[in-house]
Protein chains: 2
Amino acid sequence: MTVSPTRIPEATVARLPVYLRALNSLLDSDVRSCSSEELATAAGVNSAKLRKDLSHLGSYGTRGVGYDVEYLRYQISREIGLTQDWPVVIVGIGNLGHALANYSGFSSRGFRTVALLDADDSRTGELVAGLKIRSFDELTAIVHEHGVAIGVIATPAAAAQAVADQMVSAGIRSILNFAPMVLSVPDGVDVRMVDLSSELQILAYHEQRKSTLQPDDGVVA
Amino acid sequence: MTVSPTRIPEATVARLPVYLRALNSLLDSDVRSCSSEELATAAGVNSAKLRKDLSHLGSYGTRGVGYDVEYLRYQISREIGLTQDWPVVIVGIGNLGHALANYSGFSSRGFRTVALLDADDSRTGELVAGLKIRSFDELTAIVHEHGVAIGVIATPAAAAQAVADQMVSAGIRSILNFAPMVLSVPDGVDVRMVDLSSELQILAYHEQRKSTLQPDDGVVA
């Protein structure tokens, strides 16, 4: 079996953070090695899929021993790039922007929020999560000063495209968009969209199925 | 080709909200019919995948005309269950809970927040998004009173499992979890997890590739 270190399927990339979280909780419980079944259970995926995913990283575990938890965590972190430092800027400091600025999960994974920006200049100077809110006009200067790689958009939908355009022209090539709005960006710029209501809609789909099917139909996901 | 109305692949279900959002913006721009290519572009997926997804709903469009935007929107809404009313309860009213309570994308899609609960009883009575924060102890009574189908967890990680257990014992069978923590729930209960830092990690993976590859390698996703 040939492992290509340069291409990992998108679906596998999307699961690597899930494995990383599972490995972190295993380490918290002082578990040093684990079988693919144990790791799959902790991550909430099936073990065949997990083994296939990890094979893309060149990780096969050891027969009868399983995976070395710490080493696998290092491999995944390196693959994702979490062994680097990622300066992040958050634009739009409403409730969601506040929540993101305070979110401990970012800083503990190599993401460093270097600036909070808001278009409402009356808020400039307000202290949130230890940072002073700055004017959106400073975006380009901040991107250059800190080498910002990732921009987070937490504005209302109506403002999101203009913010994205400014981010791109300031040199940002990766955008995480929380505004309920599909952004158009040039080639070479990655956008990931977190649509908070999509997840509720997916739940509603399953909930509807549960209400209309008999419990023993066995079709419920 | 046989269409089975009772099983739609999970990956297709996950894309239905994306199509719905694209259809809504087409309607906002007064577009009444569209080709699969147009809809695919608006949704940010490839058109072959879109046609396959819609075929699971029994929607094939009309040759030379494409899809009727309004009817397709209705079909998808009905399939997801958005033509019903979904009472939702949000537990944990910190910054994220505030943001969710104020999020317009929920109410416009059939999700009605009926209660905001927080374990900190000193906050009981505080007004957020037009609702008074209530004590977490009232969960079971509220679930029964309003027929709550979906519970949203916006607490810190350490509290999330206990909240999920209470939700399940109160009769909630669908949980949307924002706490960075894998929940264990009985069979028949669906949990969707929104891990805000996972999306950043996926971006970091691509950002790292962009930094290390030549721009003309053509390997960048």
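Throughout, residues of each chain are indexed from 1 in the direction in which the sequence is written. Labels follow written order: the first chain is A, the first ligand is 1, and so on. Residues qualify for local features only when their pLDDT is at least 70, as the model is predicted, and side-chain atom pairs are given and counted only at 80 or more; totals for whole chains, interfaces and linings, by contrast, use all residues. For the side-chain quantities, the full set of heavy atoms in the structure was used; hydrogens and water were omitted.

You'll find chain A entered in an unreviewed UniProt entry as Redox-sensing transcriptional repressor Rex, with Nocardioides marmoriginsengisoli given as the organism. Its UniProt record gives chain A a comment under Subunit (unreviewed entry), which states: "Homodimer." UniProt positions are given in the numbering used here, feature names are shortened, and annotations may be inferred rather than shown by experiment.

## Points about the overall build of chain A
Here a strand is any run of E in DSSP of at least two residues, a helix any run of H or I of at least four, and the numbering for each starts at the N terminus. Looking only at helices and strands, chain A has nine helices and nine strands in total. Its C-alpha atoms put chain A at 60 × 45 × 35 Å along the principal axes. Classification of residues uses two cut-offs on accessible area relative to the type maximum, computed with a 1.4 Å probe and protein chains only: under 20% is buried, over 50% is exposed, and between them is partly exposed. Per-residue burial over chain A gives 50% buried out of 221 residues. What makes two residues a contact is simply this: any of their non-hydrogen atoms within 4.5 Å. Partitioning the intrachain contacts of chain A with sequence separation of at least 6 by distance along the chain shows that 54% fall at a separation of at least 24. For chain A, the accessible area works out to roughly 10000 Å², and carbon and sulfur atoms hold 51% of it. Charged-residue counts in this description rest on Lys and Arg as positive and Asp and Glu as negative, His and the chain ends being excluded. Every charge is mapped to an atom, namely NZ of Lys, CZ of Arg, CG of Asp or CD of Glu. With 19 positive and 25 negative side-chain charges, chain A shows a spacing of 7 Å between the two charge centroids. Residue burial considers only the protein chains on display, and all accessible areas are found by Shrake-Rupley using a 1.4 Å probe.

## Concerning the packing of aromatic side chains
Describing an aromatic ring pair means giving the distance of the ring centres and the angle of the ring planes. Residues and elements named next belong to chain A. Ring pairs are drawn from Phe, Tyr and Trp, using the six-membered ring of Trp, whenever the two centres fall within 6.5 Å, and their geometry is named by plane angle: stacked under 30 degrees, edge-to-face over 60, tilted for the rest. For the structure on display, the rule yields two aromatic pairs over all chains. Their ring planes at 35° and their centres at 6.3 Å tell us that tyrosine 71 and tyrosine 74 sit as a pair that is tilted. Of the two residues, tyrosine 71 and tyrosine 74 both sit in helix α4 (residues 69-80), three residues apart, roughly one turn of that helix.

## A short note on the UniProt feature "binding site: NAD(+)" (unreviewed entry) in chain A
Residues and elements named next belong to chain A. Summarizing the sequence annotation, UniProt attributes the feature "binding site: NAD(+)" (unreviewed entry) to Gly92, Ile93, Gly94, Asn95, Leu96 and Gly97 in the numbering used throughout. The topology assignment puts asparagine 95 in helix α5 (residues 95-102). The topology assignment puts glycine 97 in helix α5. The exposure class of glycine 97 is buried, given its relative accessible area of 0%. The residues contacting glycine 97, other than those within four sequence positions of it, are Ile90, Gly92 and Ala154.

## As for the domain arrangement of chain A
An automatic or database domain assignment supplies the residue ranges for each domain. On domain assignment, one finds that chain A holds domain 1 (10-80) and domain 2 (86-196). Relative placement of domain 1 of chain A and domain 2 of chain A: their C-alpha centres are 31 Å apart.

## Topic: the interface of chain A and chain B
Contacts between chain A and chain B engage 63 residues on the former and 63 residues on the latter. Defined here as a combined quantity, buried area equals the accessible surface (1.4 Å probe) lost by two parts on assembly, summed across both. Between chain A and chain B, roughly 6200 Å² of surface is buried when both sides are summed, and carbon and sulfur atoms account for 60% of that area. We define a salt bridge as a side-chain nitrogen of Lys or Arg found within 4 Å of a carboxyl oxygen belonging to Asp or Glu. Between glutamate 199 of chain B and arginine 192 of chain A there is a salt bridge, and its shortest N-O distance comes to 2.7 Å. Nitrogen and oxygen atoms within 3.5 Å of one another constitute a polar contact, given that in protein one can donate a hydrogen and the other can accept it, and given that sequence-neighbouring residues count only through two side-chain atoms. One can count 10 residue pairs in polar contact (both at pLDDT 80 or more) joining chain A with chain B. Within the residue set of the side of chain A that touches chain B, elements represented by two or more residues are α1 (10-28), α4, α5, α6 (104-107), β7 (150-153), β8 (174-177), β9 (190-193) and α9 (196-212) of chain A. No other element matches α9 of chain A, which puts 16 residues into the side of chain A that touches chain B. Polar here means any residue other than Ala, Val, Leu, Ile, Met, Phe, Trp, Tyr, Cys and Pro, which are nonpolar, and Asp, Glu, Lys and Arg, which are charged; Gly is therefore polar. Residues of the side of chain A that touches chain B, tallied by class, amount to 34 nonpolar, 15 polar and 14 charged.

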